[in-house]
Amino acid sequence: MSEDFRFTLKTTDGDARLGEITMPRGQIRTPAFMPVGTAGTVKAMYLDQVRDLGADIILGNTYHLMLRPGAERVARLGGLHSLIRWPHPILTDSGGFQVMSLAALREIDDKKGVTFKSHIDGSVHHMSPERSIEIQGLLGSDIQMQLDECVRLPAERPEIEKSTEMSLRWAERCREAFGDQPGKAMFGIVQGGDIPDLRIRSARGLAGLDLKGYAVGGLAVGEPQDVMLDMLETTLPELPAQKPRYLMGVGTPDDILKSVARGIDMFDCVMPTRAGRHGLAFTRRGKVNLRNARHAEDLRPLDEESDCPAARDYSRAYLHHLVRSNESLGGMLLTWNNLHYYQYLMQGIRAAIAEGRYATFMAETQNDWARGDI
Ligand SMILES: Nc1nc2c(CCNCC3CCCC3)c3[nH]c(NCCc4ccccc4)nc3cc2c(=O)[nH]1
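Quick notes on the rules
Residues numbered from 1 in each chain as written. Predicted model: local features only at pLDDT ≥ 70, side-chain atom pairs only at ≥ 80, totals over all residues. Heavy atoms only, no water. Helix = DSSP H or I, 4+ residues; strand = E, 2+ residues; numbered from the N terminus. Buried < 20%, exposed > 50% of the residue type's maximum accessible area, 1.4 Å probe, protein only. Areas by Shrake-Rupley, 256 points an atom, 1.4 Å probe, with all protein chains shown as cover. Near = heavy atom within 4 Å. Polar contact = N/O pair within 3.5 Å; in protein donor to acceptor, adjacent residues only side chain to side chain. Nonpolar A, V, L, I, M, F, W, Y, C, P; charged D, E, K, R; others polar. Contact = heavy atoms within 4.5 Å. Core = buried A, V, L, I, M, F, W, Y, C linked by side-chain atoms within 4.5 Å. Pairing = 2+ DSSP bridges. Axes fitted to C-alpha atoms, helices over the stretch in contact; angles between N-to-C directions.

### Examining the overall build of the chain
Tallying secondary structure elements over the chain gives 15 helices and 16 strands in all. When burial is assessed residue by residue, the chain has 57% of its 374 residues classed as buried. Carbon and sulfur atoms form 50% of the exposed surface of the chain, whose accessible area is close to 15,600 Å².

Now the structure itself:
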């Protein structure tokens, strides 16, 4: 059991990076896609299935778990890993983003942090930077995120500047609260909206804190993909090359390909799981919406060459029926297919970088999607 958190940069292909994070609970092969486990479960999946797909790490949701069953209760129950039976690394978001997305009656104060009413029972909660780190510690999280504020785009400079400065101050408070926990890590989150000089200011401020990893936040919040990619090109050169970079909330397979090409190592997104529950399948030939009537009598599977039973052994006609009937098996099979496809894509990305052929891999993959549904 290595006691420390270590990131090894194995090789690069242009700005694309092949790496590995070593932690006491296991290795994380990067570039990595981290399935989102919202309330202690990756919806519609058994966690050993998630592991068998090749996931090295999953996300837990501080906001949901602090409300139900409660952070202290999870600690009394032995921590998240043993409760949900996932012995591998878990990354938890700090909760601020989820408060802004889900909670009612929210208030943000530089000193006190976030005050909000639970979307479950209306109870009032306060979350300071220190409390967010305390909650993530009680959950047993291996990689903890600073409490930050993510400004939705489009937004004006004064709002973005004020928010970015506050998030920087919160990063320092979170680093103090986190202290020195060998084998665990706290990542800072770069903000700055779509304004280059604020992105540089935020990245340099965080780089000065010598953190174990850096997330790029404040993106995938409504801006066009080219704006997101421009902000990566502005931000990433300001971050230490020897530390992992995590692009929060991203994204589609195309977002991932293009962000890896610019130097991102870690991704999380609800897309494959949420879309699966809504009848959307990601395949090597692009997306297939199983709600569409054209599948009603199509006996072909999603992908007869796949090694995932959900993609290989079930007809589109049956998947269409399950989705139209709102049967839970529909969401289960499509979530299984989608998480398999995302891990298959990440494995292809890692192999291509290792062999110095990432540009070709990216072009061929995008071409396959464009050929559409055979
Ligand atoms: N702390 C923090 N978190 C962010 C997140 C949440 C990342 N997933 C957390 C998991 C932990 C538990 C739940 C999620 C983001 N998610 C997105 N976009 C999602 C876009 C999207 C929305 C719906 C479907 C698909 C994509 N941008 C994000 C920016 C930030 C940010 O600045 N700060």
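### Some words on the site of the ligand
Neighbouring the ligand are 23 residues; D93, D148, G218, L219 and D268 lie closest to it. Measuring from an oxygen atom of the ligand, one finds a side-chain N or O atom of Q191 at 3.0 Å. The contact in question runs from a nitrogen atom of the ligand to an N or O atom on the backbone of L219, over 2.8 Å. A total of 710 Å² of accessible area belongs to the ligand in isolation, and the protein chains cover 84% of it. Contributing elements (two or more residues each) for the shell around the ligand: strand 5 (58-61) and helix 5 (96-102). Among the elements that take part in the shell around the ligand, strand 5 stands out by supplying three residues, more than any other. Each residue belonging to the shell around the ligand can be placed in one class, and the counts come to 11 nonpolar, eight polar and four charged.

### Some thoughts on the environment of A281
One can find A281 in strand 15 (residues 280-283). Relative accessible area serves as the criterion here: at 0%, A281 is assigned to the buried category. Once the C-alpha coordinates of A281 and K258 are considered, the two residues, 23 residues apart in sequence, prove to be 21 Å apart. Once residues within four sequence positions are removed from consideration, A281 is found in contact with G286, K287, V288, L290, L302, L334, N337 and N338.

### Quick look at the nonpolar core
Core analysis: the largest hydrophobic core is formed by 72 residues, its most contacted members being F116, L247, F267, I349 and Y358. With near-sequence residues (within four places) excluded, F267 lies in contact with A32, F33, M34, Y246, L247, V250, I256, S259, V260 and M346. Core analysis: the next-biggest nonpolar cluster, separate from the first, contains 19 residues, M23, I28, I189 and A215 among them.

### Quick look at the side chain of S167
By the secondary structure assignment, S167 is in helix 7 (residues 157-178). Apart from the residues within four sequence positions on either side, S167 is in contact with Q146, D148, E149 and Q191.

### A few points about the pairing of strand 15
As defined by bridge partners, strand 15 adjoins strand 16 (residues 286-289) across four bridges and the pair is classed as antiparallel. Opposite A281, over in strand 16, you have V288 as the bridge partner. What sits between strand 15 and strand 16 in their antiparallel hairpin is a turn of two residues.

### Comments concerning the sheet that holds strand 14 (residues 266-268)
Here we have eight strands laid out as an open sheet, ordered 4-14-13-12-11-10-6-5, and parallel in their pairing. Lying at the two open borders of the sheet, with one neighbouring strand each, are strand 4 (32-34) and strand 5. Here the average twist between neighbouring strands, direction ignored, is 25 degrees. Pairing of strand 13 (residues 245-247) with strand 14, which is carried by two bridges, proceeds in the parallel orientation. When the bridges of strand 14 are listed, L247 appears paired with F267. Helix 8 (residues 196-207) contacts strand 11 (185-190) and strand 12 (213-216) of the sheet and is inclined by roughly 160 degrees relative to strand 11.

Bear in mind that shape data such as this cannot, by itself, settle questions of function.
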